[in-house]
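Fold and contact review
So the chains spell out like this:
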Amino acid sequence: MKFKFHPALAITLLILGFFVFVPMISAFEYSIRTPAEGGYGWNNYLWAIREEEFLYYILRSLWLSGVTVLITLFVLVPTLTWLHLSNSKVRGLIDGLSLLPLVIPVVAFAVGAQIAFPDFVKDTVLELPFLYFVLALPYAYRALDIGLNAIPLKTITEAARSSGANWLRTITSVIIPVIRGSVMATIALTFALSLGEFTLTVLLHWDTFPTWVTYVAQENILGAIAISMMSLIIPFLILTMVTLFIPERSTQRRK
Amino acid sequence: MRAKRLIAAASAAALTVGIVVIATPASAVVDICKAKNVTEAGGMDNLVKLAKKEGKLALITTPRDWANYGAIHDAYEKAFGVKITVDNPDGSSQYEIDTMKTAPKSKQPDSIDIGPLVVAQVSPPGGKPLTSPYQVINWKDIPNAAKDPSGLWYGNYGGKLAIVYNTTLPSVPTKAADFSKAEYKGVVGITGDPTSSNQAFMSVLAASIGNGGSKNLADVSKGLELFKTVKAQAPLVKVNSTNLVTGTAKLGFMWDFNALGVVPAAKAAGLDLKFVYPSDFVLQAPPYINAINAKSPNCANARLWQEFVYSQNKGKTAATLTAADLKLSGSKLFAVMQGGQNYFQQSGADPIMSAAMTKKKLLVPSLLDFEVPATAKVVGPATIADVLTAREQIIASWASL
Amino acid sequence: MTHKVIEEGAPLRGRAFLASFIKSFLPAAPLLLIVGFFFLFPIARLIHVSFLSNENTFTIGNFITATQEPYRTGFVNSIKIGLFSAAIAALPGAIAAYFIETRGSSKLRRTIAVMNGVLANTGGIPLAFMFYAALGIQGQLTKILKFFGWDLYSGTFSLGSFIGLLIVYLYFQLPLMIIVFSPAIVSLRREWSEAARNLGASQLNYWIRIGIPLLFPSFIASFLLLFASGFSAYATANALTVGNLPLTPLQIGGLLDGNVSAAQLNLGKALGVVMILISACAVIPYLAIQRRSARWQK
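Overview of the structure. These figures come from a predicted structure and were not determined experimentally.

1. Digging into the overall build of chain C
Per the secondary structure count, chain C includes 14 helices and zero strands. Each helix (α) and strand (β) of chain C, taken in turn from the N terminus, gives the series α-α-α-α-α-α-α-α-α-α-α-α-α-α. Expressed as a percentage of its 298 residues, the buried residues of chain C come to 54%. Contacts spanning at least 24 positions in sequence make up 74% of the contacts within chain C whose residues lie at least 6 apart.

2. A short note on the interface of chain B and chain A
Each side of the interface is counted separately: chain B has 26 residues, and chain A has 20 residues. Both faces combined, the contact of chain B with chain A buries some 2,000 Å², and carbon together with sulfur accounts for 60% of it. Among the residues chain B hides against chain A, the three largest losses belong to T102, P104 and K107 of chain B. Together they make up 24% of the total. Counting every contact that joins chain B to chain A gives zero salt bridges. Connecting chain B to chain A are six residue pairs in polar contact (both at pLDDT 80 or more). Of all the secondary structure elements, the ones that give two or more residues to the side of chain B that touches chain A are strand 2 (83-87), helix 4 (93-102), helix 7 (241-245) and helix 8 (259-268) of chain B. Across the side of chain B that touches chain A, the residue classes break down as eleven nonpolar, eight polar and seven charged.

3. Looking at the state of the cysteines
All names here are of chain B. Taken as a whole and assessed by the stated rule, the structure comprises one disulfide over all chains. Across the disulfide, C33 is cross-linked to C299 (sulfur-sulfur distance 1.9 Å). Looking along the S-S bond of the C33-C299 disulfide, the torsion reads about 95 degrees, which is the right-handed sense. Here C33 is found in the loop between helix 1 (2-23) and helix 2 (43-54), whereas its partner C299 is found in helix 9 (residues 299-309), with 266 residues between them in sequence. With a relative accessible area of 39%, C33 lands in the partly exposed category. You can call C299 buried: its relative accessible area is 5%.

4. Here we look at the packing of aromatic side chains
For the structure on display, the rule yields 51 aromatic pairs over all chains. Their ring planes at 75 degrees and their centres at 6.5 Å tell us that F257 of chain B and Y288 of chain B sit as a pair that is edge-to-face. Pair noted here: F257 of chain B is in the loop between strand 9 (251-255) and helix 8 and Y288 of chain B is in strand 12 (residues 288-293), with a separation of 31 residues, a long-range link. Judged by relative accessible area, F257 of chain B falls into the buried class, the value being 1%. The residue whose ring lies beneath K107 of chain B is W206 of chain A, and the NZ or CZ to ring-centre distance is 3.6 Å. For the cation-ring pair, K80 of chain C lies above F162 of chain C, with the distance from its terminal atom to the ring centre recorded as 5.5 Å.

5. A look at the interface of chain C and chain A
In this assembly, 79 residues from chain C lie in contact with 85 residues from chain A. Both sides of the chain C and chain A interface together cover about 7,500 Å² of buried area, and 79% of this is carbon and sulfur. Remark: the boundary between chain C and chain A carries zero salt bridges. Along the contact surface separating chain C from chain A lie five residue pairs in polar contact (both at pLDDT 80 or more). Tallying contributions element by element places helix 3 (residues 29-50) of chain C first for the side of chain C that touches chain A, with 15 residues. Here the residues of the side of chain C that touches chain A sort into 56 nonpolar, 13 polar and ten charged.

Reading the values: rules and limits
- Residues numbered from 1 in each chain as written.
- Chains lettered and ligands numbered in written order.
- Predicted model: local features only at pLDDT ≥ 70, side-chain atom pairs only at ≥ 80, totals over all residues.
- Heavy atoms only, no water.
- Helix = DSSP H or I, 4+ residues; strand = E, 2+ residues; numbered from the N terminus.
- Buried < 20%, exposed > 50% of the residue type's maximum accessible area, 1.4 Å probe, protein only.
- Contact = heavy atoms within 4.5 Å.
- Buried area = accessible area lost by both parts, 1.4 Å probe.
- Salt bridge = Lys/Arg side-chain N within 4 Å of Asp/Glu carboxyl O.
- Polar contact = N/O pair within 3.5 Å; in protein donor to acceptor, adjacent residues only side chain to side chain.
- Nonpolar A, V, L, I, M, F, W, Y, C, P; charged D, E, K, R; others polar.
- Disulfide = S-S within 2.5 Å.
- Phe/Tyr/Trp six-rings, centres within 6.5 Å; stacked < 30°, edge-to-face > 60°.
- Lys NZ or Arg CZ within 6 Å of the ring centre and 35° of its normal.

As structure tokens, then:
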């Protein structure tokens, strides 16, 4: 089963890969141009990294994204577990609620936020992770929902609880590992969204990595392109690496 | 007897102290947020002192490569030890107005730089003005038509629109009408949406005067026609630095005062850009406008910034300021620094006080390496009324061009 | 532990009833509170303000203007872009999801899921730049195609045209389709296709009678979700056009960003509300279909 070659799959992946990577590579080519010396080089990336504010802004965006991921997991995993187990009447309502952010254009949402929130909320940068959470909700909720659907949740929960685990342990040591794939996908989605979120951030007058990139773009265009490339490729690579190196877990469906 | 003398002496002493107290300049009593000019701010020395204490200046939508703002920021920061932050450098004038209305105190800007199209919103009829009145030292040198009499807003620098093009174009463009040439198909564009961007709006006006509409500045139908012809060949592209670098955009209108920032940045990216004024009609646009935000968090810096930007002095830039200079008292330091008006002048923008500065022989030469050709006629400046009328036309038809 | 199990079955009275009532909502409280404050509250304000005139009196004038030109064209274009971008991504995405889920190893599937997560969120200026670099008038791919005789730009094609936008939107719509449709594939039990084969059905028959009918609702549901995504996309369209392709999100952005005439202070908010209504028309059916198919997916 390990190295079976499926022509249909190979062709699919080839076509997809072409579509996904050609634009990326074309943009990448710009970022390694060095017009001053002719030819190619890593100058633009080196410049970006040496920019005094690069570290500040990337760390800022990274921790904001991290907080968003934490909020997402802490809020959604227990809530969804409970929804699946208890068959509550609110489930339909929450399902619908979770899709609402998809329905609103970000710019309208941003204006709503501008006029609605009291100053003490608008004054703290912590409003951003919660807003990013809302933006990611449709995707994150779906990913976790699907993951929980695919496992014998009641069975393993009862097994864990009757073995003496409290709810916290059940969720962290039993459920999350079993839906590892979904959790990883959720983290990827939420992280990518938060890292790249621009419109909402700008309209609420915050500066994070993406907004800093547009500021810096004015004086060093190729440098800004290098930075954009980095902010796209790095999460991509990191998340892919992490996924590839997580040990496999078999989920046996007994239905 | 003795008691009477004592009482007399005590009263005399009290009186003297009282007179001295009243006579001392009330620097501790100055409410800098209500100061309407440098005298009410306690003098230039006091203003600089308060500004240094505040240590921060919040600006909005002023990119570094715009009209030499980068150099102005550097000089201000170095001289006064103040950190300048810029909210959304690529933002629009409307963004500035909305920010003043809705942003929390910690995100309010100190000073704004807006286009003429939104200036009416600064003092809404029947409402409180969004800005605080302030009159700079050389207030009289700002033409009356370009300022609010009570100091709520004042014109700062104006520009002319020039054609920016990539030298790899098959031929050199010389005027607006050239935009519709077949050989430029697909690479002609505009810097933004003319219904919301001042520069894009003025581009349509510039296209209009170059297409036969130079008599009536309130009517931009000729400009819309020109862009419509271009669009019929291929959709308009956005003219910004990345698109210029990728060759997606190769031709458009831009402010002449941005040439100093854009051309070197382009060169560093391997792109050869040139600016040239149209050979037939050149648009002199109405000036950009400064004002102090009523909710300004750093009141002293807001006012010092205005004084600096409107200073007419010749003098030192950030590069030439020495450590000794920085130890000078506020007013002396101010006097040795090159003033904002001259920075604008160097970038090719027309400082609002240029007429007075020419008389006083304070104007430095512009650093632009291209000039209005002898064949061209400079049209304008358009009045705010003209511009508002033209804008209604654009709003009505741009989307369906 | 065990007392909880007993509690669940006992009849409830008084305080216990209240406790159980709270219990049926309490676990959802964090989510509801966050979504309520950070999302519903701004939207409610938006809806409220959309009914206000410049003088802060009640009016439906904003909505009346919203149905006139150029906003009507904006809505039509936005709906078209939603439909078309969903259409061109739906079938290829579904097919790709099928092959990935059924033929791929577990590692491959999870890697692709993660990559799709990142790709589905690309947009705005970086995405526009990538496409200009590849397919712009001086793009690398454009040059290669020209070498082989196909000049993309001989006509009126441009990435800022309707078709150009569709191509760029595909970049995030396709991964989104794969993400959203994969669960349906996964729940198509292998047992069923085996059972069908055992009963004598051919592959084709299996597909026509069983596979496609079962997948169809999920396919439509995913399509609707893609529609909502394409319909409300803002940053990408903003980076590719200069206001000459009327699209509602761009018009909202323009109104909120600079295009303000005295008569229209709250027009942008009204447009936003109409967008919500249109998107809701896509999302409500999606939910209904998903609830139905969830039954046999379990």
